[in-house]
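Below are the chains, spelled out letter by letter.
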Amino acid sequence: MVSWLSICIMILNMILGTVIPVGLMLYLRKKYQLSVMPFGIGCAVMILFALVLEQIVHAVFLQSPAGRTVQDNIVLMAVYGGLMAGLFEEGGRFLAMKYIIQKKHPDPHTALMYGAGHGGVEMFVILVFGMINNVIYSLLLNFGQAELLLAPLDQTGRAAVQSAFDTLTEASPLLFLASPAERLFAITGQLALSVIVWFAAVKKDRWYLLLLAVLLHLILDAAAVLLAKAGVSLILVEAAVLVIVVFIVLCARLIWKRETLS
C-alpha cells in the first residue's frame, strides 16, 4: 500500500501547484499595477518552447548516432539537457520580451509578471499533472484495483507501471514534500532569469545578458541532474539547487540596480 499521508501530501502539492502561481500573479498585479498579459505570454512561451519545440529537438537528436553517444555519458547528457533548456526557454523569453511585451509594458517589473507565468505554468504541469498520476496509481493500489490498469498492457508497459507502483509504495511521505520546495526554488530562478533577459531585450548593447541567462540555466539544470545521478541525497541536491538559485537571484538584483539607475 501507499501511505495515506503520502496521498494527502500529493493532493496538497496539486493545490499548491495552482495556488502559488495564481497567488503570485495577483500579488504582482496589485503591488506594481501590472497587466496580466505578460503572465499569460510567459505561460504560452514556456509551453511552446519547452514542452513542444524543445521536445521535438530531443526526439530527433537523441535518436541520431550523436544523440545515442550523448545518452551513454551522464555528464554529456546533463550538459546537453541544461543547454537545450537554456537555449529554448531563454530564447523564447527573449523573443517574447523584445518583440511583444516591452512595447506595451515598459515597466521593468513586467519581467517579474512574465517570470511568474513562465515558472508558474511549469509548476502547475509538474505538481498538478504529475501528482494526478501518482494519486490515481496510489488509490488503485490501496483499493486492490491495480490489475485494472495492468491488464490491458503489454509486457513492457506492465513493467513500467509496476516500477511506478513500487516507487510509490517504497517512498517516504517526506519525499513528496520535496516537490513543492523544488518548485519554489525553480519559480524563484525563473523570476530572476526573467529579470536578466528583460534587460537583454530592452537595451541594445546588453545582448550578453542573454548568454548569461542561458549559462546560468545550464548550470542549474546540469548540476541538479549530475548530483542526482551521482546518488547524492535529495536534501543535498535541493540544497545545491538553492545555492545556485540564490546566486542567480543575486546576479539579477545587481543587474536590476545597475540598469535601472544608469
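As shown above, the structure is provided for reference.
As a convention, each chain's residues are numbered from 1 in the sequence order in which they are written. Local features in a predicted model are, by the rule used here, given only for residues with pLDDT of at least 70; side-chain atom pairs are given and counted only at 80 or more, and totals for whole chains, interfaces and linings are based on all residues. The side-chain figures draw on all heavy atoms in the structure; neither hydrogens nor water molecules are used.

Q: Is there a simple way to explain the pattern of salt bridges in this structure?
A: Pairs can form between side chains of opposite charge whenever their charged atoms are close. A side-chain nitrogen of Lys or Arg and a carboxyl oxygen of Asp or Glu constitute a salt bridge if their distance falls within 4 Å. Following the criterion strictly, the structure yields eight salt bridges and no others. Close ionic contact of E122 with R183 constitutes a salt bridge, the shortest N to O distance being 3.4 Å. A residue pair is termed long-range when its members are at least 10 positions apart, and E122 in helix α5 (residues 110-142) and R183 in helix α8 (residues 173-202) qualify at 61 residues. Taken as a pair, E122 and R183 share a single burial class, namely buried. When the shortest N-O distance is used, the salt bridge between R206 and E259 registers 2.6 Å. On the criterion of sequence distance, the pair formed by R206 in the loop between α8 and α9 (208-229) and E259 in helix α10 (residues 234-261) is long-range, its members being 53 residues apart. Strands here mean DSSP runs of E at least two residues long; helices mean DSSP runs of H or I at least four residues long; both are numbered from the N terminus. Relative accessibility thresholds used throughout: buried, under 20% of the residue-type maximum; exposed, over 50%; partly exposed, between the two (1.4 Å probe, protein chains only).

Q: Looking at this structure, how should I read helix α4 (residues 74-104)?
A: A turn of α-helix holds 3.6 residues, and therefore any two residues three or four places apart point the same way. Expected helix span is given by 1.5 Å per residue-to-residue step, counting one fewer step than there are residues. Taking 1.5 Å per residue, 31 residues should reach 45 Å; α4 reaches 44 Å between its end C-alpha atoms and fits that length. The seven residues ending at a residue and the seven starting there each receive a fitted axis; the angle between those axes is the bend at that residue. The axis of α4 is deflected most strongly, by about 45°, at M97. The definition of a polar contact used here is a pair of N or O atoms within 3.5 Å, where within protein one atom must be able to donate a hydrogen and the other to accept one, and adjacent residues in sequence count solely through side-chain atom pairs. Residue N73 occupies the N-cap position of α4, its side-chain oxygen lying 3.0 Å from the main-chain nitrogen of V75.

Q: It is not clear to me how the layout of surface pockets should be interpreted in this structure. Could you clarify?
A: The gaps of empty space that remain are located by a probe, the size of a water molecule, rolled over the atoms. Volume-wise, the largest pocket comes out at about 840 Å³. Residues are said to line a cavity or pocket when one of their atoms sits within 4 Å of a point; the points come from a 1 Å grid over protein atoms alone, cavities being sets where a 1.4 Å probe fits but cannot get out and pockets being open sets with protein on both sides within 12 Å along at least five of seven lines. Around the largest pocket, the lining is made up of 36 residues, and of these E122, I126, E182, R183 and D221 lie nearest the centre. Elements supplying a minimum of two residues to the lining of the largest pocket: α2 (37-61), α4, α5, α8, α9 and α10. Its residues assigned to classes, the lining of the largest pocket comprises 20 nonpolar, eight polar and eight charged. Grid points are joined across faces, edges and corners, and a volume is the space filled by probe spheres set on the points. Amino acids are sorted into nonpolar (Ala, Val, Leu, Ile, Met, Phe, Trp, Tyr, Cys and Pro), charged (Asp, Glu, Lys and Arg) and polar (every other residue, Gly among them).

Q: Sorry, what's going on with α2 here?
A: Taking 1.5 Å as the rise per residue, α2 with 25 residues should run 36 Å; its terminal C-alpha atoms sit 34 Å apart, in good agreement. The principal kink in α2, of about 30°, is found at E54. If you check which residues of α2 are buried, you get P38, F39, I41, G42, C43, V45, M46, F49, A50, E54 and H58. Here a residue-residue contact requires only that any non-hydrogen atoms of the pair lie within 4.5 Å. Summarising the contacts, the buried residues of α2 are in contact with α1 (4-32), α4 and α5.

Q: Even after reading the chapter, I still don't get a nonpolar patch on the surface, so can you show me in this structure?
A: Exposure above 30% relative accessible area and the lack of any salt bridge qualify a residue for a patch; like charges then connect within 9 Å, and the nonpolar side chains Val, Leu, Ile, Met, Phe, Trp and Tyr within 5 Å. In this description, accessible areas are obtained by the Shrake-Rupley approach with a 1.4 Å probe, and a residue is regarded as covered only by the protein chains that are shown. A cluster of nonpolar side chains, contributed by I47, L48, L51, V52, L53, I56 and V60, occupies part of the molecular surface with about 560 Å² of accessible area. One can find L48 in helix α2. On the basis of relative accessibility, which here comes to 42%, the residue L48 falls in the partly exposed class.

Q: I'm lost on the nonpolar core in this one. Help?
A: Throughout, nonpolar core names a set of buried Ala, Val, Leu, Ile, Met, Phe, Trp, Tyr and Cys residues whose side chains join them through atoms within 4.5 Å. Judged by nonpolar contacts, the single largest core of 49 residues is most densely connected at M97, I101, Y114, V195, I196, F199 and I248. Among the secondary structure elements, those contributing two or more residues to this core are α1, α2, α4, α5, α8, α9 and α10. Considering each element in turn, this core owes the most residues, eleven residues, to α8. Setting aside anything within four residues of it in sequence, one finds M97 in contact with Q102, A111, Y114, S194, V197, W198 and A201. If you look at the next biggest cluster of nonpolar residues, it comprises 14 residues, including V135, Y137, F165 and F176.

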